[in-house]
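Summary of the model geometry
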Amino acid sequence: MSPEEEQSRLSDEEYLIFRAKEEQKRDPCAAKCWMITAQALFPQNFGIQFEVYQIEKAAKNVKEAAKCLGVLLRKFVSEPLLWREVDTIMAALRQTTPDSQTSFLAYLFNMLPKDVQLSMVLSAAERSQDTMTRCRLMLLLTTTFPETTAHHGLKLVESLLAAEKHCTGPINPFRRMLVCELLPRLLQTRGLEVRPKTLHSLLSRAIEFYVAYVTTPPKVMQSMLESDSKIEDPWQQLFSVVQLIGWNLGWDLASYFENISNREIILQRIQALVEGGARLGGPKGEGGEDVREVLYTTLTIFLHALMDYTKRLYPDFNQAEGSTASNPPMTLVEAFVYPECEREETVIMPPKRSRPSLDEDPTIPVITVSRPAPIGPAPAAGAVVGLPVSTPGGISAGGLSQALTTAIKCWDLLNSYEQLRAEFVRLLESLGTERWWWLRVFTVDMLIYQGRLAEAARELRHTLTHRGTQLPTTFISTNLKLASVLYAMNNLSGAAEAVLEVVTQLQSWVGGGGLSGDLCITAAPNRRHLHVLALTRSQCLQFATTLLIHALRHRIIIDRHSDDLCIGHLITLLQYEWPKYVSTFEEVLQIIRKQGGFSYPLFYTYITTPDILEEFMYLATKEGGSLQLDIIPVNHTNKQQRTISTRGIDRDLKNDFKVGMKKLMLRSSEPVEANIITFLTCEGTLVHQNLM
């Protein structure tokens, strides 16, 4: 069919549109004249009116295009083509990073009269078949027209709550829109009338979402949320929601949630509110808003402190896949107080403080935190690291111990009243805390902090019976805690058994980090000391040797169990941090001198420290007392041969003893760490038997 025949089949309206399009490329003015003529002849024709709009839009005449669009929206509300154009404009308005085209469409929308804008957005939302698109348009409506927020915002809340019923878990696009975008705007609306029960429910949902967000791996998060999964400063956003809901409920504590740095101040205010007579007791149903205010504010502070504590213990918690933590994980253990152990001058001492005294409240433990060195090659033996800060109240090692004590205070408060406890348990269940391994870590650490050691031991043993689902470091961390708790309970055998389990895992570890300078501190004899230990090969072995040194010394000095094997094991372990325990070495030398001799078949295998070797060489001399020392094999090349006694032997064997000691001197450059690990791995059963 020829072009002339095609044109002859067009209607008058179509012909005018055809001529306008034909002229548009050659002469835009002529095209406009054709469309003005068409508008005059056929004012009710949608095709003509829409083509006029398209021409003005293509020419970037935003005012004229907006005028044409307004006419279209008033006269042709049922035309599908018009609503496809409206959908394009709505999509442009929702763009967070607009290009030139979407920027023009947004400008075009803003040129429309306000009533047309309102009608346009509302109609687009009502016509949308996609739930998420409809919700986004309603959110756009409340953003563009704040005066509609009270009415349409509450309707959007209902729509989002209904939509997320088809989602699994709190991490979904609808909950994110509700919590992150709608609530901060809706809750600031003047004259908003919402039932307290609804506000409580919204706050619960906000807490669920943000807690799930900070505890869900980023890769999993991306699959759950349609848009960019990144939320800037989620805890600050949660605090803001608590503040806004608190304002709407008339809470006195609301204003303090302005910043997360107010965490400890908020806790003090909560405690003051409770002590001031807040109605928290009584049967269920009593207490009114006081219960809700204390419940939700304390719960928020508890969760923030709990996650703060967890992140400080486990720097790689929830890190993106492929990223590496700069510091190793850490664990809280019962530690040691001077004078039960000796401190060498190279160990950093706690700073002296004029007030308050550490002895003011002996029920509150001192907490020290090892400064974990970045994961990497192990330093030279004897290198010491540590954060030697200790003040009353347990808040003694910076943010970590502050987070722990804050979480404990919140936990105790929420469990102190019947109604609070019931609601607290319900909210924890809604958060899915049965899967939170970090909550189990906290509850054990809380028991240790509070001195409830028997309960802590039961929990730790329970954890060890469920090894199948544990993290790689859980076995070591749990046994370290258990060993420290049992030692504090004077169960030396159980403590040794647990700590030797740790040593069996250290052979395959790559060394890294230095030793802790705060396993032993100077404090009153009745003062407990807790230490946060880095889970590195060096510090785990340091704790193991320190505990076994204390236990063996107790058997020898306190229990007067002067068995040569026990003494020999103790001397072997003293090498790890030599000369830190030199005074303990002097104590056992006095015992050896008193009994006139010493026999230790493992001496030649494991003793390599020059100071110790020189002392034993001296004891074999006339000046040293000519003690009988059965410590060097007859044939040094075979460590399983019988040992040489230095008393009553001929000159050749005495010379052999000297040669053997000199050979040991030559081995003094051997790594002490590997030597001690080998000793405890091979001879750990003997050490344990000495403590039974």
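These notes cover the structure that comes with them. Keep in mind that what you see is a predicted model, and the values were worked out from it rather than measured.

Criteria and cut-off values
- Residues numbered from 1 in each chain as written.
- Predicted model: local features only at pLDDT ≥ 70, side-chain atom pairs only at ≥ 80, totals over all residues.
- Heavy atoms only, no water.
- 1 Å grid on protein atoms, 1.4 Å probe; cavity = no way out; pocket = protein on both sides within 12 Å on 5 of 7 lines; lining within 4 Å.
- Points joined across faces, edges and corners; volume = space filled by probe spheres on them.
- Helix = DSSP H or I, 4+ residues; strand = E, 2+ residues; numbered from the N terminus.
- Nonpolar A, V, L, I, M, F, W, Y, C, P; charged D, E, K, R; others polar.
- Core = buried A, V, L, I, M, F, W, Y, C linked by side-chain atoms within 4.5 Å.
- Buried < 20%, exposed > 50% of the residue type's maximum accessible area, 1.4 Å probe, protein only.
- Contact = heavy atoms within 4.5 Å.
- Polar contact = N/O pair within 3.5 Å; in protein donor to acceptor, adjacent residues only side chain to side chain.
- Expected span 1.5 Å × (residues − 1).
- Salt bridge = Lys/Arg side-chain N within 4 Å of Asp/Glu carboxyl O.
- Pairing = 2+ DSSP bridges.
- Axes fitted to C-alpha atoms, helices over the stretch in contact; angles between N-to-C directions.
- Phe/Tyr/Trp six-rings, centres within 6.5 Å; stacked < 30°, edge-to-face > 60°.

1. Re empty space enclosed by the protein
Following the criterion strictly, the structure yields one cavity of 30 Å³ or more and no others. For the largest cavity, the full set of lining residues is Ser 204, Ile 207, Glu 208, Leu 299, Leu 427, Ser 430 and Leu 431. Among the secondary structure elements, those contributing two or more residues to the lining of the largest cavity are helix H12 (196–215) and helix H18 (418–430). In terms of residue count, the dominant contributor to the lining of the largest cavity is H12 (three residues). Here the residues of the lining of the largest cavity are counted per class, giving four nonpolar, two polar and one charged.

2. Side note on the nonpolar core
Ranked by size, the top nonpolar core spans 202 residues in total, and within it Met 90, Phe 302, Phe 442, Leu 548, Ile 571, Phe 598 and Phe 616 carry the most contacts. By residue number, the principal contributor to this core is helix H16 (residues 288–313), which donates 13 residues. Excluding anything up to four places from it in sequence, Met 90 contacts Phe 109, Met 120, Val 121, Ala 124, Leu 137 and Leu 140.

3. Observations concerning the side chain of Asn 172
As for its position among the elements, Asn 172 is in the loop between helix H10 (149–163) and helix H11 (173–186). In this structure the side chain of Asn 172 is engaged in a polar contact, spanning 2.7 Å, whose partner is the backbone nitrogen of Arg 175. Among all residues touching Asn 172, those that are not within four sequence positions of it are Glu 164, Cys 167, Met 224 and Leu 225.

4. Focus: helix H21 (residues 474–488)
In an α-helix there are 3.6 residues to a turn, and that puts residues three or four apart on one side. Compared with the 21 Å implied by 1.5 Å per residue over 15 residues, the 21 Å span of H21 between its first and last C-alpha is a close match. Across the 15 residues that make up H21, a large majority, 14, are buried. Positive phi appears at Asn 490, one or two residues downstream of H21, with a value of about 70°.

5. Brief notes about the pattern of salt bridges
Per the counting criterion, the structure on display carries 18 salt bridges. With its nearest N and O atoms 3.0 Å apart, the salt bridge here joins Asp 308 to Arg 263. With Asp 308 in helix H16 and Arg 263 in helix H15 (residues 263–275), this residue pair connects regions lying 45 residues apart in the sequence. When sorted by exposure, Asp 308 lands in the same class as Arg 263, which is buried. Among the ionic pairs, Arg 593 bridges to Glu 615, the shortest N-O distance being 3.2 Å. Pair noted here: Arg 593 is in helix H25 (residues 582–595) and Glu 615 is in helix H27 (residues 610–619), with a separation of 22 residues, a long-range link.

6. Notes on the sheet that holds strand E7 (residues 529–534)
Sheet architecture is open: three strands sit in the order E1-E7-E3, paired in mixed fashion. Among the strands making up the open sheet, the edge pair consists of strand E1 (330–334) and strand E3 (366–369). Strand after strand, the sheet turns through a mean of 20° between neighbouring axes, direction not considered. The pairing of E3 with E7 spans four bridges and is classified as parallel.

7. So, the environment of Leu 565
Relative to the assigned elements, Leu 565 resides in helix H24 (residues 564–574). Ignoring sequence-local partners within four residues, the contact set of Leu 565 consists of Tyr 600 and Asn 690.

8. Comments concerning the environment of Leu 404
Its location among the elements puts Leu 404 in helix H17 (residues 399–414). Measuring from C-alpha to C-alpha, the distance between Leu 404 and Met 446 comes to 7.8 Å, with 42 residues separating the pair along the chain.

9. Re the packing of aromatic side chains
Within a pair of aromatic rings, the relevant descriptors are the distance that separates the centres and the angle that separates the planes. Counted according to the given criterion, the structure contains 22 aromatic pairs. When the centroid spacing of 4.9 Å and the interplanar angle of 85° are considered together, the rings of Tyr 314 and Trp 437 count as edge-to-face. In this pair, Tyr 314 is assigned in the loop between H16 and E1 and Trp 437 in helix H19 (residues 437–449), connecting sequence segments 123 residues apart. By relative accessible area, which is 21% here, Trp 437 ends up partly exposed. A ring pair is formed by Trp 411 and Phe 424, whose centres lie 5.5 Å apart and whose planes are at 85°; its orientation type is edge-to-face. Of this pair, Trp 411 sits in helix H17 while Phe 424 sits in helix H18; the two residues are 13 residues apart in sequence, bridging distant segments of the chain. As far as burial versus exposure is concerned, Trp 411 and Phe 424 are alike and both buried.

It is worth stressing that arrangement in space is one thing and function is another; only the former is reported here.
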